[in-house]
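Working through the structure, step by step
Residue strings, one per chain:
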Amino acid sequence: MYSGTPVVKIVIIGDVKVGKSCLMKRFVSNEFIPAHDFTIGVDFGVKHLHTQTYGEVKVHVWDTAGQERFRSITKAYYRAASVCIVVYDVCSKSSRLGVDGWIREARQHLPKDVVLAVAGNKCDRLEIVEAIRDKTGETLEVEEARCYKVSALAGTGVHEMFEDLVDTVCLQRNCGRATASDVVSKLHASKGSCC
Ligand SMILES: Nc1nc2c(ncn2[C@@H]2O[C@H](COP(=O)(O)OP(=O)(O)O)[C@@H](O)[C@H]2O)c(=O)[nH]1
Ligand SMILES: [Mg+2]
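Residues numbered from 1 in each chain as written. Chains lettered and ligands numbered in written order. Predicted model: local features only at pLDDT ≥ 70, side-chain atom pairs only at ≥ 80, totals over all residues.

Next up on the list: the overall build of the chain. Helices and strands together make up the secondary structure of the chain, namely seven helices and six strands. Here the chain holds 195 residues, and 37% of them are scored as buried. If you take every contact in the chain between residues at least 6 apart in sequence, the share linking residues at least 24 apart comes to 72%. (Helix = DSSP H or I, 4+ residues; strand = E, 2+ residues; numbered from the N terminus. Buried ≥ 20, exposed ≤ 12 C-beta atoms within 10 Å, placed from the backbone. Contact = placed C-beta atoms within 7 Å.)

Right, here's the structure in full:
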């Protein structure tokens, strides 16, 4: 039966092995499973969140589960998504350089008002990055996207990121015609920078 609970669909994209599946698991069931079954398709998780604007919200998180290897993510994957998280690995320069391409892909498939986020995962390893004097660990700044540093392994920043993004969507829906970037600016003004 239709419960009437608002739904927020979040899609996760990014290079292979950056930790997309681990981030979904950490958010949905608060666990870290280091190795995943790379079956081709879509993995899916649901979590209920309490928001200030809408009360209870059902969050649907979609994980590419292998499609990203072949850059063959289907239109259905993106359909009706309110949030898109582009994940990179803070220890992998190539995954960081790949972010632009994933953002282009997201913009091609998603409406203008989608809430776009860039998440640097594996920040538990930042000390290693700094020790080898690699610059990969620097915060990536992307225009019109919210940037986060997270660790699926340690759990750092993961729930905060998802909650922040869901709140942004709820606020955006409440504001009616306001665009995602207007809402992001408002949130930035009230909370300071997210990075
Ligand atoms: N150190 C560290 N390793 C992680 C983290 N998240 C994922 N991993 C590891 O990175 C690898 C790829 O993770 P996975 O979620 O399967 O990546 P996906 O291909 O993007 O879905 C696995 O070996 C995970 O154990 C993290 O936050 N920190
Ligand atoms: Mg995966």
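Okay, the site of ligand 1 next. Near ligand 1 lie 16 residues; those nearest to it are Gly-19, Lys-20, Ser-21, Cys-22 and Leu-153. The greatest single-element share of the shell around ligand 1, amounting to three residues, is contributed by helix α1 (residues 20-29). Along the lines of polarity and charge, the residues of the shell around ligand 1 split into six nonpolar, five polar and five charged. (Near = placed C-beta within 6 Å. Nonpolar A, V, L, I, M, F, W, Y, C, P; charged D, E, K, R; others polar.)

A word on the sheet that holds strand β3 (residues 55-63). One open sheet accounts for six strands, arranged β2-β3-β1-β4-β5-β6; its pairing is mixed. With partners counted over all chains shown, the strands left at the sheet margins are β2 (43-51) and β6 (146-149), one partner each. The mean angle between the axes of side-by-side strands here comes to 25°, regardless of whether they run parallel or antiparallel. The sheet contact formed by β2 and β3 spans nine bridges and is antiparallel. (Pairing = 2+ DSSP bridges. Axes fitted to C-alpha atoms, helices over the stretch in contact; angles between N-to-C directions.)

Here the focus is helix α6 (residues 158-174). With 17 residues, α6 extends 24 Å from end C-alpha to end C-alpha; this agrees with the ideal 24 Å at 1.5 Å per step. All of the buried residues along α6 are Val-158, Met-161, Phe-162, Leu-165, Val-166, Asp-167, Thr-168, Val-169, Cys-170, Leu-171 and Gln-172. (Expected span 1.5 Å × (residues − 1).)

In this section: the nonpolar core. Nonpolar side chains tend to gather and get buried jointly when the protein is soluble and globular. Grouped together as the largest cluster of nonpolar side chains are 44 residues, with contacts concentrated most on Ile-10, Ile-12, Val-83 and Ala-117. If one sorts the elements of this core by residue count, α6 sits on top with eight residues. If sequence neighbours within four positions are ignored, Val-83 has contacts with Val-8, Ile-10, Val-114, Val-115, Ala-117, Leu-165 and Val-169. (Core = buried A, V, L, I, M, F, W, Y, C linked by C-beta atoms within 7 Å.)

Our focus in this paragraph is the confidence of the model for the chain. For the chain, per-residue confidence averages 83 on the pLDDT scale, and residues scoring 70 or more make up 78% of the total. Across residues 189-195, confidence stays below pLDDT 50; counting only partners more than four residues off in sequence or on other chains, it has seven contacts. (pLDDT = per-residue confidence, 0-100.)

Here we take up the environment of Val-142. Topologically, Val-142 is positioned in the loop between α5 (126-131) and β6. Val-142 gets classed as partly exposed once you count the C-beta atoms within 10 Å, which come to 14. Here Val-142 is in contact with Val-99, Ile-103, Val-118 and Cys-147, once residues within four sequence places are set aside.

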